[in-house]
Amino acid sequence: TREQAYPPILSVYPSRALVDEAFKVLVENLPPGCPVTVHSLHLSEDDNYWEAYGHYISDHRGSVSVSEDVSFGGTYTGKEPMGLLWSLRPVPGSRQGLRLRKMNVCTPMLVNISVHCGHLVEAFRDQTPLASVLTERWYMAPGVKRIDIRERGMRGTLFIPPGPGPFPGLLDLWGGGGGLLEHRAALLASHGFVSLALEYLTSGEIPTARLDYNYFEKAFNIIQDHPLVTPDRVGIFGLSLGSFVTFNLAAKSTIINPRCCVCISGFHCHPYRSMGEMIQTNLNKLHVDENNYQIWRDMSLPIPSDISKKVDMGKIKCPLLLVCGHDDQSYPAVELAEDIAQMVHAAGKDHLLTKVFYHGTGHMIEPPYSPHFRATTFMAKTKPKVILLWGGQTKPHSDAQEDSWKKILAFLQHHLYSTPNPRAKM
Amino acid sequence: MDKKHCVKLSVQPSRALVDEKFIVLVQNAPPGFQMTIHSLHHSEDGHSWEAFGHYTADATGTVNVSQDHSVGGTYSGVEPMGLLWSLRPVPGSKSWLRFRKMNVETPMEVAISVYQGHQTVFVDQVQLASVVAERWYMAPGVRRIPVTESDLTATLFLPPGPGPFPGVLDLWGGGGQLVEYRSALLASHGFASLALDYLTAKITLKTGKMVENDYFETAYKFLQEHPQVSGSRIAMMGLSFGTAMTLKMAVYSEVMKLSCAVCISGSHVQPVNGSVEENYVFCFRNSKKVCFTEEKQAIYRDLLLPVPTDPGMKVDVGRLQCPLLLIVGEDDQNWAAPESAQDIKEMMEQAGNSHLLTLRSYPNAGHLIEPPYSPHTRASMLKAVHVNKMVVVLWGGDTVAHSRAQEDAWRKTLAFLWENLYGRKNSAVTSMSHL
């Protein structure tokens with residue numbers, strides 16, 4: 001028929017976007033009532049294929065709008081404008097425990113979006129799609145500058161927003177997996193914060209040395225000293241072990257005064273010299289699930305009441321946002337956050353603390369639309385390789401990533417941009 | 001209160017195609033704060049272009065360029081895209097410049113900034129905030145393929161995907177060169193588009209001879225035979241002298257079976273049995289009919305007036321068998337496009353094929369009807385092909401009306417191509433809402 005002779009028209013708008021921006025995927029010019037599969041495909045930097053897909057039916061005009069229509073099957077169901085990204089998972093046949101992480105933030109993540117005839121569940125790469133387009137997802141907004149920092153013994157990367165400044169600053173700390181992860185700092189700079197992604201553990205190394213807080217204080221000073229930064233508007237952003245560092249700095253440092261702190265999936269109780277010692281001491285509480293993935297959470301329970309074994313969170317002096325998942329399987333993040341809340345309350349400082357907890361959400365709470373990984377390889381250089389269960393169910397975890405990011409940005413905007421410094425001299 | 005901290009500036013989306021709208025937003029300013037929002041672009045040929053609007057923050061300290069009034073600057077009123085279409089060379093620039101991106105593989109970068117107060121001079125001013133917007137001619141995945149087969153000088157732009165795609169043969173005008181940006185943009189919207197240099201082609205530079213009519217047929221066959229092009233769905237599009245070629249081929253070529261044609265700012269007046277060279281000479285001779293303004297800008301529109309009655313002197317559009325979209329600016333000072341359009345309409349009505357004609361005539365628009373938000377050039381320096389001197393040519397158009405015409409003409413062009421090449425009936429298409 002004449003209609004079948006014409007190909008469908010597929011579009012993604014915007015075709016180039018920041019990773020935390022939504023897009024609209026639209027298919028037009030289909031026959032009416034036509035079942036189609038909309039599919040996304042991404043080849044990661046470490047050469048693994050990730051895919052997601054949804055099953056749709058075109059309307060009387062021959063259109064499918066992923067933002068407005070319901071997916072009836074696939075890696076996501078229901079009305080999910082961004083499901084093609086957050087439900088990405090390694091293609092069948094991939095290795096276990098893969099994690100999707102962009103290491104080179106100067107180039108975009110490329111995602112191929114295509115539309116296929118019928119409701120497919122497999123072998124997408126063997127079928128020629130009806131149409132396909134490419135979309136770019138960027139961590140760096142145009143004009144953001146990336147600068148290697150190798151001074152005073154630091155190893156990190158500084159991201160500076162475009163414009164004359166001055167800007168507020170952020171020290172960005174990741175977790176015990178180590179290495180230099182730039183993607184969140186790049187994204188924060190794209191939202192107007194000078195951000196320093198700091199490496200404090202080499203990838204693959206088990207943290208054995210006592211953390212040197214002087215190192216973090218120096219990094220914080222480097223941000224404050226930068227000519228484009230307002231020195232009394234610098235905060236700290238941590239995840240996991242990075243949160244632990246943040247709690248210590250916020251409660252104990254006499255050298256630095258963060259303006260505010262964001263801590264995701266944190267723990268304030270780690271009375272061990274290293275992760276290795278923690279595991280040795282609590283081997284009986286280290287469980288594995290049916291796939292032999294390690295579950296660490298019970299090793300941190302019960303939370304000691306002895307304050308000498310914890311960071312005394314009653315001593316914090318600045319606003320703190322805590323973000324945790326109820327289904328965190330590596331740390332009992334919610335119980336730990338409630339313990340922090342008690343200490344803060346006892347010190348009469350409730351006004352400084354905001355806690356946000358999410359059901360069905362695991363440990364690795366990343367920027368929005370990042371694929372959820374329930375378990376990944378951790379500290380790959382150990383033998384045998386360890387796969388840690390982070391927890392979370394994909395849909396609620398993805399909702400939490402989206403919602404928490406909005407709250408985090410609003411919190412940072414409020415404390416670092418809007419409010420006058422409560423300690424400023426009049 | 002520390003003002004520098006308050007002002008937050010954003011452009012959404014920060015990376016976009018050149019025909020897509022953006023939203024420029026200023027937040028956290030003191031309520032009632034007077035500011036200037038400024039755009040700056042450094043072009044490939046080393047010139048600087050700027051535009052600006054004067055605003056006042058509302059009670060929440062916000063200015064939204066898409067919703068608020070500019071009370072002065074290079075544009076006024078509610079103009080979401082005024083920071084682009086009203087771009088003009090900065091004071092002190094050379095005269096008679098024209099904005100054209102020749103390298104379509106990189107984006108046009110525009111710095112958008114906020115200044116305190118209602119400023120008109122920016123050289124020594126301190127910015128409160130500044131961001132960068134990228135404007136792209138090529139969507140991600142569009143492939144750019146130089147073409148040299150069969151002595152063609154052309155560039156093919158293919159959309160991403162398996163195809164096959166309908167094709168467009170894309171011609172510019174009397175200035176010659178291989179101009180790619182419209183083809184790149186068409187490919188970003190699903191058309192395999194071939195930008196064709198037919199006046200300064202390598203073969204012409206080598207032999208000194210202009211191409212013949214069969215050059216266009218060769219280009220058409222190249223598209224038709226390309227594995228990723230649907231051979232039975234090919235359109236031709238021309239601007240200015242490119243219109244003359246498009247109409248000639250659409251009506252007289254036995255090889256080219258076009259699905260539709262788009263003709264911008266051109267004329268059907270030409271010796272119908274003429275070669276390309278004869279057509280060219282015909283359009284640009286008659287120099288005693290060239291008028292000059294007080295500023296010595298050349299007005300060429302009278303060269304093809306009056307519209308002849310002799311059928312041997314105009315393309316017989318009564319024989320046209322495919323839909324035709326004619327776009328003209330009523331203030332075109334370079335070609336007598338409106339008069340030609342009127343005559344085309346009458347000829348087609350008499351011949352009974354006027355149902356094929358869509359005519360969009362824009363009051364106060366000039367000759368150079370470019371993709372949307374391109375800065376309007378009322379007059380610029382041109383070196384006409386085979387004439388060894390530079391002339392300042394008056395193109396015409398009043399900036400505001402011309403810019404609106406560019407926006408509307410492009411939407412109509414895309415809708416026309418989608419309808420005729422993709423069979424897409426509904427022209428008020430959802431996916432165009434951001435254009």
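Keep in mind the model is a prediction, meaning the values are calculated, not measured.

Parameters at a glance
- Residues numbered from 1 in each chain as written.
- Chains lettered and ligands numbered in written order.
- Predicted model: local features only at pLDDT ≥ 70, side-chain atom pairs only at ≥ 80, totals over all residues.
- Heavy atoms only, no water.
- Domains from an automatic or database assignment.
- Contact = heavy atoms within 4.5 Å.
- Buried area = accessible area lost by both parts, 1.4 Å probe.
- Salt bridge = Lys/Arg side-chain N within 4 Å of Asp/Glu carboxyl O.
- Polar contact = N/O pair within 3.5 Å; in protein donor to acceptor, adjacent residues only side chain to side chain.
- Nonpolar A, V, L, I, M, F, W, Y, C, P; charged D, E, K, R; others polar.
- UniProt positions renumbered as here; feature names shortened; annotations may be inferred.
- Helix = DSSP H or I, 4+ residues; strand = E, 2+ residues; numbered from the N terminus.
- Buried < 20%, exposed > 50% of the residue type's maximum accessible area, 1.4 Å probe, protein only.
- Pairing = 2+ DSSP bridges.

**What about the domain arrangement of chain A?**
How large an interface is tends to be reported as the accessible area lost when its parts come together. Residues and elements named next belong to chain A. Domain parsing of chain A yields domain 1 (9-138) and domain 2 (145-416). When each unit is reduced to the centre of its C-alpha atoms, the spacing between domain 1 and domain 2 is 31 Å. Between domain 1 and domain 2, the contact holds 23 residues from the first and 30 residues from the second. Taken together, both faces of the contact between domain 1 and domain 2 bury some 2,000 Å²; the carbon and sulfur share is 62%. Viewed at the interface, domain 2 and domain 1 are joined by 2 salt bridges. With a shortest N-O distance of 2.5 Å, K395 and E80 are connected by a salt bridge. Taken together, domain 1 and domain 2 are joined by 7 residue pairs in polar contact (both at pLDDT 80 or more). Per-class residue counts for the side of domain 1 that touches domain 2 are 13 nonpolar, 3 polar and 7 charged.

**Re the UniProt feature "active site" (unreviewed entry) in chain A**
Residues and elements named next belong to chain A. Per the UniProt annotation, the sites labelled "active site" (unreviewed entry) are S240, D328 and H363. The annotated residues occupy 124 residues of the chain but converge on a single region, no pair of C-alpha atoms lying more than 10.9 Å apart. Here S240 lies in the loop between β14 (229-239) and α5 (241-252). With near-sequence residues (within four places) excluded, S240 lies in contact with G175, I264, S265, G266, F267, Y331 and H363. Note that D328 resides in the loop between β18 (320-325) and α7 (333-346). A relative accessible area of 0% places D328 in the buried class.

**What to know about the pattern of salt bridges**
The final tally for this structure, using the stated rule, is 33 salt bridges over all chains. Linking B:D170 and B:R182 is a salt bridge whose minimum nitrogen-to-oxygen distance equals 2.6 Å. Of this pair, B:D170 sits in strand β12 (residues 165-171) while B:R182 is found in helix α3 (residues 181-187), placing the two residues 12 residues apart along the sequence. Of the two residues examined, B:D170 and B:R182, each falls in the buried class. A salt bridge links B:E349 to B:K345, with the shortest nitrogen-to-oxygen separation between them at 3.7 Å. Here B:E349 and its partner B:K345 are both found in helix α8 (residues 337-351), 4 residues apart, which amounts to about one turn of the helix. Here B:E349 falls in the partly exposed class, since its relative accessible area comes to 44%. Three or more residues are tied together by salt bridges with common partners; here these are A:E80, A:K395 and A:D399.

**Overview of the sheet that holds strand β3 (residues 23-27) of chain B**
Residues and elements named next belong to chain B. Reading across the sheet, the 3 strands line up as β1-β3-β6 and stay open at both edges, with antiparallel pairing between neighbours. Strands with a single pairing partner mark the edges of an open sheet, and in this sheet they are β1 (8-12) and β6 (63-64). Here β3 pairs with β6 via 2 bridges, running antiparallel. Across the sheet, residue L25 finds its bridge partner in β6, namely N64.

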